[in-house]
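Chains, contacts and geometry: an overview
So the chains spell out like this:
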Amino acid sequence: MENFDIAVIGVGGMGSAALYHLAKSGAKVCGIEQFAAGHGEGSSHGDTRVIRKAYPEAPDYIPLLNRSYELWKNLEMVSGETLLNLCGFLVCGSSEGDYLSKVQEGADKYDVNNQYLDRQALQDRFPQFHLPDDFAGFLDPEGGIVYVEKGVHSHISAALENGAVFYGEEVLLGWEKFEDNFLLKTSKRLITTEKIVFTTGAWAVDMMAKLNIPLEIWRRGIFWHDCKDMAPYYPDQFPSFVINDENSPYCYYGCPAINESGLKLGEHDVPLKLTDPFERNMPLTNEETTNMNVLLENYLPDLNTKPLAYKFCMYTISPDHHFIIDQHPEIDGITIACGFSGHGYKFAPVVGEIISSLALNGASEHDIGFLGIERFH
Ligand SMILES: Cc1cc2nc3c(=O)[nH]c(=O)nc-3n(C[C@H](O)[C@H](O)[C@H](O)COP(=O)(O)OP(=O)(O)OC[C@H]3O[C@@H](n4cnc5c(N)ncnc54)[C@H](O)[C@@H]3O)c2cc1C
């Protein structure tokens, strides 16, 4: 029987950050991950993620983002890896639409330095896009991309350097509480701990259902496209972006090409719901292909329609599309972070820091009331 202060269950995007921050705080901590480190089976793979302070989802995320940027830079120093490429982030949509006004609201409240671009300025600056006449946008100069698998590996390595133990390719089969401790049964060992952190991504659905919080799992295709001349699509000329046309059901995003694999593209809003995360690799549907063709035909017509490659990934959608980060309301000693609703990875380091404080001290210095479980009841 092995003994730890804390076990982190699920060492993907958020769990790897939690493992690092807990170990750095001096906890005797282990991470249990059903796949290998930095795997491509959950929600934290596909080379890159958009990072941005243009945040229409809710202004309250911006202070957390400010801290996340600091922690990403710290992790770059600790790991010696380049994890961010701040090539800029472009958000564009209907000039009179709600989406852009929400971006502006957050920027005003928290002094984010977004640059307004009218339709002409958008086309002059980024001729790679073909945009409708009523479009406008904001360029967030602090936005760009974060390298996702590299981020997971860097957090795990930094955790190991601080004394954490990582058990990869080992699944948590069950757990029970006895007196003040937990007994955990994995596919390879028995462990006792004082506390547990659950960062199980799309596998959090059953645990949250027991708390009457219905999470949805959405399968997402990630597509890489190229064209004859890729030079204008590399980060020195091309930003990460979101296109939100309020007259269309689709919300598209993309990340600049970082190697020979092409420009990375995806759709955010139209769900393909799964009942189980293990269904994620079912064949590409016609609807998924059609969604991407709309993006290419309407906005990026110079790219080849046939993707160079595609992969599948999962969103875990909470009922209000905001994160869930809290202590278990019924069982002392359990911290939960899930429901990142397709926009969580840029926050991974600050989420790790918050989880560490919640697990060790029962509270976080960050303002996370809007992410608590109580809001659903
Ligand atoms: C296509 C796509 C594009 C995205 N784009 C962006 C973006 O541009 N910007 C952004 O900020 N965010 C983006 N996101 C969202 C972001 O990637 C996720 O919010 C984040 O990565 C979720 O991390 P997680 O730790 O919750 O899940 P995961 O990284 O999936 O980690 C959960 C882990 O738990 C493990 N696990 C589960 N159950 C067990 C068990 N019983 N035993 C052991 N291990 C277990 C799983 O194997 C997995 O490794 C995107 C997501 C997708 C899918």
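Residue indices follow the written sequence of each chain, beginning from 1 at its first position. Per-residue local features of the predicted model are confined to residues with pLDDT of at least 70, and side-chain atom pairs are confined, for both listing and counting, to 80 or more; whole-chain, interface and lining totals are unaffected and use all residues.

1. Considering the overall build of the protein
Scanning the protein from terminus to terminus reveals eight helices and 20 strands. In this setup the radius of gyration rests on C-alpha atoms only. A globule is expected at 2.2 Å times the number of residues raised to 0.38. Against the 2.2 N^0.38 benchmark of 21 Å for 377 residues, the protein shows a C-alpha radius of gyration of 21 Å, consistent with a compact globule. Each of the three principal axes of the protein carries a C-alpha extent, and together these read 65 × 45 × 45 Å. Every one of the 377 residues in the protein was classed for burial, and the buried ones make up 47%. The contact criterion used here is simple: two residues whose C-beta atoms, placed from the backbone, lie within 7 Å are in contact. A separation of at least 24 residues holds for 73% of the contacts in the protein among residues at least 6 apart in sequence. In this text, helices come from DSSP runs of H or I with a minimum length of four residues, and strands from runs of E with a minimum of two, each type numbered from the N-terminal end. For the exposure call, what matters is how many other C-beta atoms sit within 10 Å of a residue's own: 20 or more marks it buried, 12 or fewer exposed, and in between partly exposed, using C-beta atoms placed from the backbone.

2. Regarding the pairing of strand E10 (residues 172-178)
By this definition, two strands are paired if DSSP reports at least two bridges between them. In the sheet, E10 pairs with strand E11 (residues 181-186) via six bridges, with the strands oriented antiparallel. Across the sheet, residue Trp175 finds its bridge partner in E11, namely Leu184.

3. With respect to the sheet that holds strand E4 (residues 84-85)
Spatial strand order, E3-E8-E4: three strands in an open sheet with antiparallel pairing. Because the sheet does not close on itself, it has two edges, and the strands there are strand E3 (48-51) and E4. The convention used is that axes are lines fitted to C-alpha atoms, helices contributing only their stretch in contact, and that angles between N-to-C directions extend from 0 to 180 degrees. Taken strand by strand, helix H5 (residues 148-161) contacts E3 and strand E8 (144-147), and its axis lies near 50° from that of E8.

4. Structural notes on the pairing of strand E1 (residues 2-9)
Note: E1 against strand E12 (residues 190-198), seven bridges, orientation parallel. Of the residues in E12, the one forming a bridge with Val8 is Val197. When the strands point away from the viewer, a crossover counts as right-handed if the path from the first strand over the helix to the second runs clockwise. Crossover handedness for the path E1 to helix H1 (residues 13-24) to strand E2 (residues 29-32): right-handed.

5. As for H1
Think of an α-helix as turning once every 3.6 residues; residues three or four places apart then point the same way. Helix length check: H1 (twelve residues) gives 17 Å between terminal C-alpha atoms against 16 Å at 1.5 Å per residue, within 8%. In terms of burial, H1 is a largely internal element, eleven of the twelve residues being buried. Among the residues of H1, those classed as buried are Gly13, Met14, Gly15, Ser16, Ala17, Ala18, Leu19, Tyr20, His21, Leu22 and Ala23. The secondary structure elements touched by the buried residues of H1 are E1, E2, H5, E12, strand E20 (334-338) and helix H8 (348-361). In this scheme, a helix's expected span is set at 1.5 Å multiplied by one less than its residue total.

6. As for the site of the ligand
Using a C-beta atom placed from the backbone for every residue, we mark a residue as near a molecule or strand if that atom lies within 6 Å of it. For the ligand, the set of nearby residues contains 36 residues, the closest of which are Gly10, Gly12, Gly42, Gly201 and Gly344. Among the elements of the structure, H1, E3, strand E13 (216-225) and strand E18 (309-317) are those that each provide at least two residues to the shell around the ligand. Just so you know the grouping, Ala, Val, Leu, Ile, Met, Phe, Trp, Tyr, Cys and Pro go in nonpolar, Asp, Glu, Lys and Arg go in charged, and all remaining residues, Gly too, go in polar. Across the shell around the ligand, the residue classes tally to 16 nonpolar, 16 polar and four charged.

7. Topic: the nonpolar core
When a protein is soluble and globular, its nonpolar side chains tend to lie buried together. Here, a nonpolar core denotes buried Ala, Val, Leu, Ile, Met, Phe, Trp, Tyr and Cys residues that are linked to one another through C-beta atoms within 7 Å. Core analysis: the largest hydrophobic core is formed by 109 residues, its most contacted members being Ala7, Val8, Leu19, Val29 and Val351. When residues of this core are sorted by domain, at least three fall in each of domain 1 (2-45 + 149-212 + 320-376) and domain 2 (64-144 + 215-317). When near neighbours in sequence (up to four residues on either side) are disregarded, Val351 contacts Met14, Ala17, Ile325 and Ala337. Bear in mind that the domain bounds are from an automatic or database domain assignment.

8. Quick word on the packing of helix H2 (residues 61-79) against H5
In the contact formed by H2 and H5, the axes pass within 10 Å of each other and the chain directions differ by 65°. Both H2 and H5 take part in a crossing whose hand is left-handed. Each of Leu75, Val78 and Ser79 in H2 lies in contact with H5, whose residues at this interface are Ser154, His155, Ser157 and Ala158. Looking at side-chain class alone, the contact of H2 with H5 contains three nonpolar, four polar and no charged residues. By definition, turning the near helix anticlockwise from the far helix through less than a right angle yields a left-handed crossing, and turning it clockwise yields a right-handed one.

9. Section: the packing of H1 against H5
Where H1 contacts H5, the axes come no closer than 8 Å and their chain directions differ by 25°. Overall, the two elements H1 and H5 adopt an arrangement that is roughly parallel. Classified by chirality, the crossing of H5 by H1 is left-handed. Listed contacts from H5 to Gly13, Ser16, Ala17, Leu19, Tyr20 and Ala23 of H1 are Val152, His155, Ile156, Ala158 and Ala159. Throughout, the term roughly parallel applies to angles under 35 degrees, roughly antiparallel to angles over 145, roughly perpendicular to angles from 65 to 115, and oblique to all others.

10. Observations regarding the environment of Asp133
Relative to the helices and strands, Asp133 resides in the loop between helix H4 (119-125) and strand E7 (135-140). Classification of Asp133 as exposed rests on a count of 6 C-beta atoms within 10 Å.

11. Thoughts on the domain arrangement of the protein
Interface size is commonly expressed as the accessible surface area that is lost when the partners come together. Assigned domains within the protein: domain 1 (2-45 + 149-212 + 320-376) and domain 2 (64-144 + 215-317). Placing a centre on the C-alpha atoms of domain 1 and another on those of domain 2 gives a separation of 28 Å. Taken together, the contact between domain 1 and domain 2 spans 28 residues of the former and 21 residues of the latter. The set of elements that each furnish at least two residues to the side of domain 1 that touches domain 2 consists of H5, helix H6 (205-209) and H8. Take the side of domain 1 that touches domain 2: its biggest share by element is six residues, from H5. A class-by-class count of the residues in the side of domain 1 that touches domain 2 yields eleven nonpolar, 14 polar and three charged.

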